[in-house]
Amino acid sequence: MRKSFKVYFILALCLMLLVSLSSCKSDEQKAMETQIKTANKLLSSKSKIFDESTRSNLKKVIKDSEKSTNDKSYKKSTDKLKAAIKAYRDSIKQQKQVTRPSQKFIIERVSNIESIVQVEAATEETDTNNLMNKPNGYYAYIALSSSMVPAESKLYSSPVENGNEGGGAIEVYKTAKLAKAREAYLSALDSPGALSPGTHRVVGTMVVRTSSKLKASQQRALEKNIIDALIKLK
């Protein structure tokens, strides 16, 4: 009986010691630990992100924060954690924006891009690729007419009829897998000749394309402007 009492007494003392040590933590340390918990919870979630660098950065900030030893470093780590957490959450929002976006959303975003003079969405009747709403096709195709493409290279007045060659195009698929399959198909057609499909990059469930009529620097600039417009958070 006395032995059991001693065991319980020792356990009680240990518990009191733990509580005492916990209560000794400063507000700065507690704030940092709260942010670390939030960060780890985010990393363990199944949410997809647009920019993978936000994941590696958040992991690094957590690791660095755990080395903090005083209130000054706790506060500095807390600020860095908050910034990294915000960047990660923004990346989640951006990925959601480029996953199965509506045709209306895309048109609104790309219409104000510099050098884009006309934007037109294709229908099943006007889709020259004949992929609209097909099992492995896209559900939206937005053609972009760019002022950087010489007028003589545009055979038609309609952006959809000119297709990607008129400046660029955005093909929208139901899944990232379908978008990647389309991009792989276009990659197989890459060549320096007249049949080149231009540049093509998977963004979420979309394939963002630019015309082969553009110079390489113009292609890069237009592609960046399109993607920036699509992921911009408002």
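In this text the structure is predicted, and so the values were computed from the model without any measurement. (Residues numbered from 1 in each chain as written. Predicted model: local features only at pLDDT ≥ 70, side-chain atom pairs only at ≥ 80, totals over all residues. Heavy atoms only, no water.)

Asker: Outline the overall build of the chain, listing residues and values.
Answerer: Across its full length, the chain carries eight helices and five strands. Starting at the N terminus and walking to the C terminus, you meet the elements of the chain as α-α-α-α-α-β-β-α-β-α-β-β-α. Out of the 234 residues in the chain, the part that is buried amounts to 39%. Sequence separation of 24 or more characterises 65% of the internal contacts of the chain that already satisfy a separation of 6 or more. When the accessible surface of the chain is summed, it comes to about 14400 Å², and 55% of that surface belongs to carbon and sulfur atoms. (Helix = DSSP H or I, 4+ residues; strand = E, 2+ residues; numbered from the N terminus. Buried < 20%, exposed > 50% of the residue type's maximum accessible area, 1.4 Å probe, protein only. Contact = heavy atoms within 4.5 Å. Areas by Shrake-Rupley, 256 points an atom, 1.4 Å probe, with all protein chains shown as cover.)

Asker: Just give me the short version of the packing of aromatic side chains, but keep the residues and values in it.
Answerer: Aromatic rings considered in pairs are described by the distance between their centres and by the relative angle of their planes. Taken as a whole and judged by the stated rule, the model has two aromatic pairs. Look at Tyr138 and Tyr141: their rings are 5.4 Å apart centre to centre, the planes differ by 35°, and that puts the pair in the tilted class. Tyr141 shares its class with Tyr138; the two are buried. For the pair Tyr138 and Tyr173, a centre-to-centre distance of 5.8 Å together with 75° between the ring planes defines the contact as edge-to-face. Taken together, the residues span a long stretch of sequence, with Tyr138 in the loop between β1 (116-121) and β2 (140-146) and Tyr173 in the loop between β3 (167-172) and α7 (176-188) at a distance of 35 residues. Both residues of the pair, Tyr138 and Tyr173, belong to the buried class. Among the aromatic residues, those joined into a cluster by ring pairs are Tyr138, Tyr141 and Tyr173. (Phe/Tyr/Trp six-rings, centres within 6.5 Å; stacked < 30°, edge-to-face > 60°.)

Asker: Could you give an account of helix α3 (residues 53-65), naming the residues involved and the relevant values?
Answerer: Counted at 1.5 Å a residue, the expected span for α3 with its 13 residues is 18 Å, and the 18 Å between its end C-alpha atoms agrees. What α3 keeps buried is the set Thr54, Leu58, Val61, Ile62 and Ser65. Taken around the axis of α3, the buried residues stretch over an arc of 100°, which confines them to a single face. Within α3, the exposed residues directed more than 90 degrees away from the buried face are Lys60 and Lys63. The elements touched by buried residues of α3 are α2 (27-44) and α4 (71-97). (Expected span 1.5 Å × (residues − 1). Arc of directions from axis to C-beta.)

Asker: So what's going on with the packing of helix α5 (residues 103-110) against helix α8 (residues 216-231)? Residues and values would help.
Answerer: Where α5 contacts α8, the two axes come as close as 9 Å, and the packing angle between them is 125°. The pairing of α5 with α8 is recorded here as oblique in orientation. For the pair α5 and α8, the crossing hand works out as right-handed. The segment α5 lies against α8, with Phe105, Ile106, Arg109 and Val110 engaging Ile226, Ala229, Leu230 and Ile231. Broken down by class, the residue content of the contact of α5 with α8 amounts to seven nonpolar, no polar and one charged. (Axes fitted to C-alpha atoms, helices over the stretch in contact; angles between N-to-C directions. Parallel < 35°, antiparallel > 145°, perpendicular 65-115°, else oblique. Left-handed = near helix turned anticlockwise from the far one by under 90°. Nonpolar A, V, L, I, M, F, W, Y, C, P; charged D, E, K, R; others polar.)

Asker: Residues and numbers for the pattern of salt bridges, please.
Answerer: Across all of its chains, the model carries nine salt bridges by this definition. Close ionic contact of Lys25 with Glu33 constitutes a salt bridge, the shortest N to O distance being 3.1 Å. For Lys25, a relative accessible area of 30% puts it in the partly exposed group. Accessibility expressed as a relative area gives 24% for Glu33, which makes it partly exposed. Note that Arg55 and Glu52 form a salt bridge whose closest N and O atoms lie 3.0 Å from each other. With relative accessibility at 46%, the residue Glu52 sits in the partly exposed group. Each member of the salt-bridge network shares a partner with another, and the members are Glu171, Arg182 and Arg209. (Salt bridge = Lys/Arg side-chain N within 4 Å of Asp/Glu carboxyl O.)

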